[in-house]
Amino acid sequence: MSISSQTALPEVDLQPGKPPILRTEPADDAVRWAAEHHVALRAMVAEHGSALVRGLGLRDAPETVAVFHQLARTGPMTEREAFASRQTYAEGVYSSSKWPPSQPMCMHHELSYRLEFPGLMLFACLSAPITGGVTGVADSTAALDALPRDLVERLEREGWMLVRNYNEEIGTSVAESFGTEDRGAIESYCHANAIEFEWRSDGGLRTWQRRNAVVRHPETGQRCWFNQIAFLNEWTLDPEVREFLVDSYGAEGLPFTTRFGGGDPIGEDVVQLINEMYQAKTVREPWQAGDLMLVDNIRSAHSREPFTGPREVLVGMADPVRLADCAPPVKVNAG
């Protein structure tokens, strides 16, 4: 694959059940390698939705940050409205979410509940786990074809709603999520980002926001299933965890859940159907130290499987995209 004047890439390895894999030799200068091949790599991602580069030999965080910057088209993106804590390495470059290793992170599109989200996700494995820990990928155009038409049509019509209850015990704090403790600044952010909110008597914050569930890719025009309906729904939680949270905070006080855009609850059957669809569509390849992975965040959902042993995977968010540029508007506020 030779594009423009850039160095040609080796042939891409395409196997059923695996993401596209590009095998290369360890680079003396990985940053230079990324600069020489970034056009071809981006074309590979545009064609397949993701690309795993194996053999490059990424070694540490500074090198990885520099490689990510070479591969980004319009620069890094700062995370806001996070659900789990991360270590920040540089602007737009983070550790993996601090999520229990024994619990899966099911398929999702990063920050798909925001009005602006990353168009490109970058992952680099500096230390592979002993078992598990795969970052799976699923094609969001295939997801639309696999889901029941009536469900897709309802969600296209209504959108989906994310409801959050911030507290100091579960998940990220208000300050971690919004980048400030100042109530005025938080309220301004919510107003600017179509987020309804209320301050609770105990000082906690409750928010709800309505977003599109299906979008059109801004570059290809493809219709894509694009949301976190299942990942952030209470029925995806481990049953014992959900029972504990309901007992502790009540059904209306859960740290997060999702609903249909009109406010109706999304039942366990719908969540199970979505997660089963993702399981059937997932392609996966165990991490090896030094691997690099690029994922089109609109075209492809990604996940993280449970794991044992140390796992260090850096995450880059790049090429910010506005929802308004790839979706017909829904009435984003719940009212």
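Shown above is the structure to which this text applies.
The shown structure was predicted, so the numbers you read here are calculated from the model rather than taken from an experiment.

### Some details on the sheet that holds strand β5 (residues 105-108)
On the basis of which strands lie adjacent, the open sheet formed by three strands has the order β5-β16-β8 and antiparallel pairing. Across the chains shown, the open sheet's two edge strands, defined by having one partner strand only, are β5 and β8 (137-139). Direction aside, neighbouring strands of the sheet carry axes that sit 15° apart on average. Of the pairings in the sheet, the one linking β5 to strand β16 (residues 300-304) comprises two bridges and is antiparallel in character. Note that in β16 the partner of Met105 across the bridge is Arg304. The strands touched by helix α8 (residues 268-281) are β5, β8 and β16; relative to β8, the strand with the most contacts, the crossing angle is about 100°.

### Looking at unusual backbone geometry
Unusually for a residue other than glycine, Leu111 sits at a positive phi of about 60°. Note that Leu111 resides in the loop between β5 and β6 (116-127). Its relative accessible area of 1% is what places Leu111 among the buried residues. With a phi close to 55°, Ala194 is a non-glycine residue in the positive phi region. Checked against the element boundaries, Ala194 lands in the loop between α6 (183-192) and β10 (196-199).

### Section: the packing of helix α1 (residues 30-48) against helix α2 (residues 61-71)
The N-to-C vectors of α1 and α2 enclose an angle of 30°; their axes lie 8 Å apart at closest approach. Compared by their axis directions, α1 and α2 come out roughly parallel. As α1 packs across α2, the resulting crossing turns out to be right-handed. Note on element contacts: α2 touches α1 through Glu63, Ala66, Val67, Gln70 and Leu71, opposite Ala30, Val31, Ala34, Ala35, His38, Leu41 and Arg42. The residue makeup of the contact of α1 with α2, split by class, is eight nonpolar, two polar and two charged.

### Focus: the pattern of salt bridges
Here the structure, examined in full by the defined rule, presents 21 salt bridges. Arg223 serves as the salt-bridge partner of Glu156, at 3.1 Å between the closest nitrogen and oxygen. You can see Glu156 sitting in helix α4 (residues 149-158) and its partner Arg223 sitting in strand β13 (residues 223-225), a full 67 residues away along the chain. Looking at Glu156, the relative accessible area reads 36%, which means it is partly exposed. Measuring nitrogen to oxygen at the nearest pair gives 2.7 Å for the salt bridge that ties Arg284 to Glu305. With Arg284 in the loop between α8 and β15 (292-296) and Glu305 in the loop between β16 and β17 (307-308), this pair connects stretches of sequence that are 21 residues apart. Judged by relative accessible area, which is 21%, Glu305 ranks as partly exposed.

### What to know about the packing of aromatic side chains
Considering all chains together, one arrives at six aromatic pairs under this definition. For the ring pair Trp99 and Phe231, a centre distance of 5.7 Å and an interplane angle of 40° mean the geometry is tilted. With Trp99 in the loop between β4 (93-95) and β5 and Phe231 in the loop between β13 and α7 (239-249), this pair connects stretches of sequence that are 132 residues apart. An angle of 50° between the planes, with centres 4.7 Å apart, marks the rings of Phe117 and Phe226 as tilted. Of this pair, Phe117 sits in strand β6 while Phe226 sits in the loop between β13 and α7, placing them 109 residues apart in sequence. Residue classification places Phe226 among the buried positions, given a relative accessible area of 0%.

Reading guide: rules and limits
- Residues numbered from 1 in each chain as written.
- Predicted model: local features only at pLDDT ≥ 70, side-chain atom pairs only at ≥ 80, totals over all residues.
- Heavy atoms only, no water.
- Pairing = 2+ DSSP bridges.
- Helix = DSSP H or I, 4+ residues; strand = E, 2+ residues; numbered from the N terminus.
- Axes fitted to C-alpha atoms, helices over the stretch in contact; angles between N-to-C directions.
- Contact = heavy atoms within 4.5 Å.
- Buried < 20%, exposed > 50% of the residue type's maximum accessible area, 1.4 Å probe, protein only.
- Parallel < 35°, antiparallel > 145°, perpendicular 65-115°, else oblique.
- Left-handed = near helix turned anticlockwise from the far one by under 90°.
- Nonpolar A, V, L, I, M, F, W, Y, C, P; charged D, E, K, R; others polar.
- Salt bridge = Lys/Arg side-chain N within 4 Å of Asp/Glu carboxyl O.
- Phe/Tyr/Trp six-rings, centres within 6.5 Å; stacked < 30°, edge-to-face > 60°.

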